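If you want the building blocks of each chain, they are given just below.
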Amino acid sequence: MNDDIKNPIKISKKGITAIVVAVVLLAAIITTSIFVSVYKVKLYADIVYIFMDKEKRAEDETNRLYHIRKNANFDPKDKDATILDAFEIYFEDENGEMCYYSADDKFTYDGSDEATAGLVILIFITSGIAPLKKVGTAVAIIVPIVIVIGLIVLWYKLWSKKEDEERAKRIAKYNKKKK
C-alpha cells in the first residue's frame, strides 16, 4: 500500500466527543418522548393538581363543600384516559357519609340537575390554571425582552473587544513610526 495516500476521514478527539454527546442527547430525547407519550395525562394531572384548589363550596342551597383528590383507580396507560379521569370529587352528605364521584357520575351541583362530576372537576382545574395563565403571559413578555437585551450586550462586548484590538494596533503602529 502506498504511504503517500492519507486517510481522507480524520476524526479528532473533539469530533468523537461531539458525536458521543449527540448520541447521548438523542437517546435522552427519544426516551423522554416515549415516557411523556405514555404518561402525558398523568404528568399533566400532577402539574394541574399542584396548582388547583383542593376544595370548593357550592353556591346553592346545599352549601356543600366539595373536595378533589387524585383518582386511585386511574390508569395512565389507558389510551382513552383523559385529565378528568385522573381526579375524583367527594363531599360529606347530610348523614355524615362521604360521597365519591368519578368523571362520568351524575349528581346535583349548584342547583343544576344531572351535573356530571367531570364538569365539577373542570371547575376545579380552571381555578388552578388561572394563575398559571397569568404567569405564562408574564413569561411570554419578559423572556423575549431579556433575550433582546442579552443579544445587545453580547454584540456590544464583541464590538468593544474588536475596537480595543484595532485601537491597540493603531497605537502600536503609531509608536513604530515615532521611533
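The preceding data block contains the structure.
The notes below deal with the structure included here. (Residues numbered from 1 in each chain as written. Predicted model: local features only at pLDDT ≥ 70, side-chain atom pairs only at ≥ 80, totals over all residues. Heavy atoms only, no water.)

1. Some points on the sheet that holds strand β2 (residues 65-70)
As a general point, the strands of a sheet are linked pairwise by backbone hydrogen bonds and lie either parallel or antiparallel.
For step 1, the next point in the chain: With antiparallel pairing, the four strands of this open sheet are ordered in space as β1-β2-β3-β4. Looking at the sheet topology across the chains shown, the edges are occupied by β1 (55-57) and β4 (98-101). Sheet twist, expressed as the mean angle between neighbouring strand axes with direction ignored, is 25°. (Pairing = 2+ DSSP bridges. Helix = DSSP H or I, 4+ residues; strand = E, 2+ residues; numbered from the N terminus. Axes fitted to C-alpha atoms, helices over the stretch in contact; angles between N-to-C directions.)

2. Some remarks on the pairing of strand β3 (residues 87-92)
For step 1, the next point in the chain: With respect to burial, β3 is a largely interior element, five of its six residues being buried.
For step 2, the next point in the chain: Note that β2 and β3 share four bridges and pair antiparallel. Bridge pairing in β3 places H67 opposite Y90.
For step 3, the next point in the chain: As defined by bridge partners, β3 adjoins β4 across four bridges and the pair is classed as antiparallel. Its bridge partner being in β4, I89 is matched across the sheet by Y101.
For step 4, the next point in the chain: Where β3 folds back on β4, the antiparallel hairpin that results is connected by five residues, among which G96 adopts a positive phi of roughly 85°. (Buried < 20%, exposed > 50% of the residue type's maximum accessible area, 1.4 Å probe, protein only.)

3. Side note on the nonpolar core
For step 1, the next point in the chain: Judged by nonpolar contacts, the single largest core of 22 residues is most densely connected at M52, I68, F87, I89, F124 and I125.
For step 2, the next point in the chain: Element by element, the count of residues in this core is highest for helix α2 (residues 117-178), at five residues. (Core = buried A, V, L, I, M, F, W, Y, C linked by side-chain atoms within 4.5 Å.)

4. Description of a nonpolar patch on the surface
For step 1, the next point in the chain: A surface patch of nonpolar side chains, amounting to about 640 Å² of accessible area, comprises V135, V139, V143, I147, L151, L154 and L158.
For step 2, the next point in the chain: When you line up the elements, V143 lands in helix α2. (Patch = residues over 30% accessible without salt bridge, like charges linked within 9 Å, V, L, I, M, F, W, Y side chains within 5 Å. Areas by Shrake-Rupley, 256 points an atom, 1.4 Å probe, with all protein chains shown as cover. Salt bridge = Lys/Arg side-chain N within 4 Å of Asp/Glu carboxyl O.)

5. Some words on the packing of aromatic side chains
For step 1, the next point in the chain: Summed over all chains, the structure comprises four aromatic pairs.
For step 2, the next point in the chain: Arranged with centres 5.1 Å apart and planes meeting at 65°, the rings of Y66 and F91 form a pair that is edge-to-face. On the criterion of sequence distance, the pair formed by Y66 in strand β2 and F91 in strand β3 is long-range, its members being 25 residues apart.
For step 3, the next point in the chain: A relative accessible area of 0% means that Y66 is categorised as buried.
For step 4, the next point in the chain: For the cation-ring pair, K54 lies above Y49, with the distance from its terminal atom to the ring centre recorded as 4.5 Å.
For step 5, the next point in the chain: Its guanidinium or amino end placed over the ring of Y90, R69 lies 5.5 Å from that ring's centre, counting from NZ or CZ. (Phe/Tyr/Trp six-rings, centres within 6.5 Å; stacked < 30°, edge-to-face > 60°. Lys NZ or Arg CZ within 6 Å of the ring centre and 35° of its normal.)

6. As for the side chain of N71
For step 1, the next point in the chain: Here N71 lies in the loop between β2 and β3.
For step 2, the next point in the chain: A polar side-chain atom of N71 sits 3.2 Å from the main-chain carbonyl oxygen of D85.
For step 3, the next point in the chain: Contact partners of N71, with chain neighbours within four places excluded, come to D85, A86, F87, E88 and S102. (Polar contact = N/O pair within 3.5 Å; in protein donor to acceptor, adjacent residues only side chain to side chain. Contact = heavy atoms within 4.5 Å.)

7. Details of the pattern of salt bridges
For step 1, the next point in the chain: Throughout the structure, instances matching the rule amount to three salt bridges.
For step 2, the next point in the chain: The salt bridge involving K70 is made with D46; its shortest N-O contact spans 3.1 Å. Of this pair, K70 sits in strand β2 while D46 is found in helix α1 (residues 13-51), placing the two residues 24 residues apart along the sequence.
For step 3, the next point in the chain: Among the residues examined, D46 registers a relative accessible area of 22% and is labelled partly exposed.
For step 4, the next point in the chain: R69 is paired through a salt bridge with E88; the nearest N and O atoms lie 2.6 Å apart.

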